[in-house]
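# Architecture and fold: a report
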Amino acid sequence: MIPETAKMKIEEQSRGDLIGLIYEMAKEIGELKAEIARLKQPPTTSQNSSQPPSRDFKTEKKKRTRSKKKGAKPGHEKQERQLAENPNKVIEAYVDNCKNCHLNLLDQVPVQVVRRQVTELPEIKPVVIETRQYVVECPCCGERQHGQLPEGLEAGRYFGPRLEAMVTDLHQEHHIGYRRLRQICEELFGLVLSAGGAVSIVARAGKAAKEEAEVIGEQVRQSKVIGSDETSARVHGRNYWQWVFVGGHCEYHLIVPSRGYAVIENFMHACEAEVWVCDCWKAQLNAPSKMCQICLAHQIRNLQGLIDKRPRLVWAREMQTLFRKAMHLRNHQEKMTERGYLRQVTMIKMRLEKLLQRTFKDLGSNLLDRYRKRRNSLFIFLHRTDVPAHNNACERALRPSVIHRKVLGSFRSDWGAQTYASLATVLNTAKRNGQSAFQKLVQLMGTPVLPFLTQPACM
């Protein structure tokens, strides 16, 4: 009920004031209705949008209680750690006397030998190789002559390639900051390393990787099928973007302050790909290529978001089912005959045309317009085995960079960002080709110095 005092105030108002009050109340009611409608909408998650899983709301789960016995399931072989064939040390435990009758059993043949092994790491200590460069003054001309230092032990070199590779690998691949890196080196390896020394090592690794990174970039540019994606980065407190371009078994990383088409244009130069695989970002859709394959994994999530907001919209469910059917068909292509596969492809395309002919309004109509405009970019992967249906290769390539950003924060300099991009290009390409990232770093850092330990001293 309206209080009497409020009634008296309303009655005292003029007609114009009452009309103005009604307009204000109507506006406020409209805003409240909009807020209620917004709150009623389902939350945005990684299942119905491009939101990363780390931002999803995590519910409390009950502690799992083990109801089954430990060990292998019935019908499964028991898995145990394999014993090394050539152990470094063997300790024999013989039976000397019987515990019951005290008979000497050393001359008895054992009926069983139980083998167990304990694996341990030896104490790790750095190896120091000293060079003594002699300077001699020529008695004839008086000019001083310096002894020639061997390759790998040149002046200005303080650390060997394996040590530099280890420091770079811990920082680049395992996202360890310089402070913790110094602590690890001192506690685990007995190596005293300054912050400036660690920074210099990583900078030297970036310079060594830059030339090879440009070679990899050229290989990506010449690829027939190129995928691209980008994620945010922070460089000396400003917003940058880290791009990745994947072609074949190579990937090229680039950190720049732009997310626009100029980045792709500068990277590709005058090259043109046959197929460009990407999401629906405008800059990537306009990439220099003859055809463009849209990532269907993104579209399935977008359709799921539409389904959550409009559960009665049948078109969204049918389009989502069609995309999943197309991806499933591609995965089972090798098990089908060519004629049967092409028949299924034709049926999928006919079904797509029927779905694109439907009409509806309001929420979700933007997706319908997108698929009508990009209908030729939806199912290229059904005709080419070298084209994927999704952009997961680029997503996986950027995942370590996102972890690096969340753990270490921003890059404090431009050279730090470029060093990270060059090393990511070289190391990730090496891993794509079955190589070890650490061994690749050892190769980059120059001539090995450990062989000098076994060489006789020069006289």
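The paragraphs below set out a description of the structure included in this document. (Residues numbered from 1 in each chain as written. Predicted model: local features only at pLDDT ≥ 70, side-chain atom pairs only at ≥ 80, totals over all residues. Heavy atoms only, no water.)

Locating Arg 370 in the fold gives a position in helix α11 (residues 365-373). Residue class for Arg 370 comes out partly exposed when judged on its relative accessible area of 24%. Spatially, the C-alpha atom of Arg 370 lies 40 Å from that of Arg 412, the residues being 42 residues apart in sequence. Apart from residues lying up to four places away in sequence, Arg 370 is in contact with Cys 280, Gln 299 and Asn 302. (Helix = DSSP H or I, 4+ residues; strand = E, 2+ residues; numbered from the N terminus. Buried < 20%, exposed > 50% of the residue type's maximum accessible area, 1.4 Å probe, protein only. Contact = heavy atoms within 4.5 Å.)

Turning next to the side chain of Gln 172. By the element assignment, Gln 172 lies in helix α3 (residues 161-172). Given the relative accessible area of 3%, Gln 172 is considered buried. Setting aside chain neighbours within four positions, we find Gln 172 in contact with His 404, Tyr 420, Leu 423, Ala 424 and Leu 427.

Considering the arrangement of structural elements, one finds His 171 in helix α3. In this structure His 171 comes out as buried when scored by relative accessible area, which is 10%. Among the polar contacts listed, one links the side chain of His 171 to the backbone oxygen of Ile 176, at a separation of 2.9 Å. Not counting residues within four places of it along the chain, the set of residues in contact with His 171 comprises Ile 176, Gly 177, Tyr 178, Leu 181, Val 202, His 404 and Leu 408. (Polar contact = N/O pair within 3.5 Å; in protein donor to acceptor, adjacent residues only side chain to side chain.)

What follows is about unusual backbone geometry. Of note in this structure, His 102 is not a glycine but carries a positive phi near 65°. Within the secondary structure layout, His 102 lies in the loop between α2 (15-40) and β1 (135-137). We note that His 236 has phi near 35°; this positive angle belongs to a residue other than glycine. Among the structural elements, His 236 can be located in the loop between β3 (225-235) and β4 (238-247). Residue His 236 is classed as partly exposed on the basis of its relative accessible area, which comes to 32%.

Spatially, the five strands line up as an open sheet ordered β5-β4-β3-β6-β7, and their pairing is mixed. Every other strand in the sheet has two partners, leaving β5 (250-256) and β7 (289-294) as the edge strands with one partner each. Each strand axis lies, on average, 25° off the axis of its neighbour in the sheet, ignoring direction. Pairing of strand β6 (residues 273-278) with β7 involves five bridges; the strand directions are parallel. The residue bridging Val 275 from the neighbouring strand is Met 291, located in β7. Each of β3, β4, β5 and β6 is contacted by helix α6 (residues 261-268), which is oriented at about 45° to β4, the strand it contacts most. Of the strands in this sheet, β3, β4 and β5 are in contact with helix α13 (residues 414-432), which crosses β5 at around 170°. (Pairing = 2+ DSSP bridges. Axes fitted to C-alpha atoms, helices over the stretch in contact; angles between N-to-C directions.)

Further remarks concern the pattern of salt bridges. Under the criterion given, the structure shown has 15 salt bridges. The shortest N-O distance in the salt bridge between Glu 251 and Arg 432 comes to 2.5 Å. Of this pair, Glu 251 sits in strand β5 while Arg 432 is found in helix α13, placing the two residues 181 residues apart along the sequence. By relative accessible area, Glu 251 is classed as buried at 3%. Here Arg 432 falls in the partly exposed class, since its relative accessible area comes to 31%. A salt bridge links Glu 318 to Arg 351; the shortest N-O distance between them is 2.9 Å. Remark: Arg 351 occurs in helix α10 (residues 338-356) and Glu 318 occurs in helix α9 (residues 314-331); sequence separation between them is 33 residues. Taking relative accessible area as the criterion, Arg 351 reaches 31% and is therefore assigned partly exposed. (Salt bridge = Lys/Arg side-chain N within 4 Å of Asp/Glu carboxyl O.)

Taken as a whole, this structure holds zero disulfides when the rule is applied. With no disulfide partner, Cys 140 has as its closest neighbouring cysteine sulfur the one in Cys 138, 5.2 Å distant. Free cysteine: Cys 250, not disulfide-bonded; nearest cysteine sulfur from Cys 394 at 13 Å. On the basis of relative accessibility, which here comes to 12%, the residue Cys 250 falls in the buried class. (Disulfide = S-S within 2.5 Å.)

A few words on the packing of aromatic side chains. Aromatic rings considered in pairs are described by the distance between their centres and by the relative angle of their planes. For the coordinates displayed, the defined rule picks out 10 aromatic pairs. Relative to Phe 267, the ring of Phe 245 has its centre 4.2 Å away and its plane inclined at 10°; by these criteria the two rings are stacked. Of this pair, Phe 245 sits in strand β4 while Phe 267 sits in helix α6, and the two are 22 residues apart along the sequence. Of the two residues, Phe 245 and Phe 267, both sit in the buried class. (Phe/Tyr/Trp six-rings, centres within 6.5 Å; stacked < 30°, edge-to-face > 60°.)

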